[in-house]
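Read off the chains here:
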Amino acid sequence: GAVVSQHPSWVICKSGTSVKIECRSLDFQATTMFWYRQFPKQSLMLMATSNEGSKATYEQGVEKDKFLINHASLTLSTLTVTSAHPEDSSFYICSATKGQGAYEQYFGPGTRLTVT
Amino acid sequence: GEDVEQSLFLSVREGDSSVINCTYTDSSSTYLYWYKQEPGAGLQLLTYIFSNMDMKQDQRLTVLLNKKDKHLSLRIADTQTGDSAIYFCAESLNSGYSTLTFGKGTMLLVSP
């Protein structure tokens, strides 16, 4: 199998605080993990590509100081939303690659972030 | 640039066939994918097709690719209420872990 988990599944936080979201590949080692953001009734927008042991590559328009990504091991990547604001409220989805093929990219169940 | 377009909504009756269409602009696309997303959940890869193929069938799912027109379709035979979900078309440019470009998704509603 190829299972990717995310924790928490949903979180509510106050404006100005930071929130950490974890993405784990449970039964395989993932050299690359991706973080996506999805607004209601919208497509997934890639935020960043994370390779184990190196700095994440951010897509244009994504603030790397606001969305901190750490990929410390082959099974764990974290996304920290710093100084969250209501406009950061969204559905955050991670994916992990099992191999070189994009068809081997497995998605987590997503984390719903609501900033009040 | 890359752009993937899909119709936003499709409604069918249980037992009918559903056809979800997608068009893409990048002729360099190597793989094309169909994902299913149920409410509040992540994406589930349904099937994918390599760009040198015209058709791929997997149980109730049939993918047709018209590379000349850059048109991809997903046919679901004998559609069930459990098939109600959002279906995303996506493309990648090569077989490496290149980024996926997604369409906005087609909401499929299956009524009894």
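Presented here is an overview of the structure given in this document. If you're wondering where the values come from, they're calculated on a predicted model, not measured in any experiment.

Rules used throughout
- Residues numbered from 1 in each chain as written.
- Chains lettered and ligands numbered in written order.
- Predicted model: local features only at pLDDT ≥ 70, side-chain atom pairs only at ≥ 80, totals over all residues.
- Heavy atoms only, no water.
- Helix = DSSP H or I, 4+ residues; strand = E, 2+ residues; numbered from the N terminus.
- Rg over C-alpha atoms; globule rule 2.2 N^0.38 Å.
- Buried < 20%, exposed > 50% of the residue type's maximum accessible area, 1.4 Å probe, protein only.
- Areas by Shrake-Rupley, 256 points an atom, 1.4 Å probe, with all protein chains shown as cover.
- Lys, Arg positive; Asp, Glu negative; His and termini not counted.
- Charge placed at Lys NZ, Arg CZ, Asp CG, Glu CD.
- Pairing = 2+ DSSP bridges.
- Axes fitted to C-alpha atoms, helices over the stretch in contact; angles between N-to-C directions.
- Salt bridge = Lys/Arg side-chain N within 4 Å of Asp/Glu carboxyl O.
- Contact = heavy atoms within 4.5 Å.
- Polar contact = N/O pair within 3.5 Å; in protein donor to acceptor, adjacent residues only side chain to side chain.

Observations regarding the overall build of chain B
Assigned secondary structure in chain B consists of zero helices and eleven strands. For chain B, the α and β elements follow one another from N to C terminus as β-β-β-β-β-β-β-β-β-β-β. Relative to a compact globule of 112 residues, whose C-alpha radius of gyration would be 13 Å, chain B shows 13 Å and is just as compact. Dimensions along the principal axes, computed over C-alpha positions, put chain B at roughly 40 × 30 × 20 Å. A total of 112 residues make up chain B; the buried ones form 45% of that total. Roughly 5,400 Å² of accessible area belongs to chain B as shown, and the carbon and sulfur atoms make up 49% of that amount. For chain B, the separation between the mean place of its 9 positive charges and that of its 13 negative charges on side chains is 3 Å.

Considerations on the sheet that holds strand 8 (residues 71–76) of chain B
Residue and element names in this part refer to chain B. On the basis of which strands lie adjacent, the open sheet formed by five strands has the order 1-3-8-7-6 and antiparallel pairing. A single partner strand is all that each edge strand has here, and the edge strands are strand 1 (4–6) and strand 6 (55–58). When the angles between neighbouring strand axes are averaged without regard to direction, this sheet yields 15°. As defined by bridge partners, strand 6 adjoins strand 7 (residues 61–66) across four bridges and the pair is classed as antiparallel.

A closer look at the pattern of salt bridges
Taken as a whole and assessed by the stated rule, the structure comprises five salt bridges over all chains. A salt bridge links E22 of chain A to R24 of chain A, with the shortest nitrogen-to-oxygen separation between them at 3.5 Å. Judged by its relative accessible area of 24%, E22 of chain A is partly exposed. For K68 of chain B, the salt bridge goes to D69 of chain B, with nearest N and O atoms at 3.7 Å.

A closer look at the pairing of strand 5 (residues 43–50) of chain B
Residue and element names in this part refer to chain B. One ladder, built from seven bridges, connects strand 4 (residues 31–37) with strand 5; its direction is antiparallel. Note that in strand 5 the partner of L32 across the bridge is I49. Taking the residues between adjacent antiparallel strands as the criterion, strand 4 and strand 5 are bridged by five residues, where G40 takes a positive phi near 70°.

Looking at the environment of Y58 of chain A
Residues and elements named next belong to chain A. Examined against the element boundaries, Y58 turns out to sit in strand 6 (residues 57–58). Discounting chain neighbours no more than four positions away, the residues touching Y58 are M47, A48, K64, F67, L68 and I69. A polar side-chain atom of Y58 sits 2.6 Å from the main-chain carbonyl oxygen of F67.

Observations regarding the pairing of strand 3 (residues 18–24) of chain B
All names here are of chain B. Residues S18, I20, C22 and Y24 point to one face of strand 3 and are all buried, whereas V19, N21 and T23, pointing to the other face, are not buried. Summarising the sheet, strand 1 and strand 3 pair through three bridges and their orientation is antiparallel. Its bridge partner lying in strand 3, Q6 is registered against C22. Pairing analysis gives six bridges linking strand 3 to strand 8, with the strands arranged antiparallel. Opposite V19, over in strand 8, you have R75 as the bridge partner.

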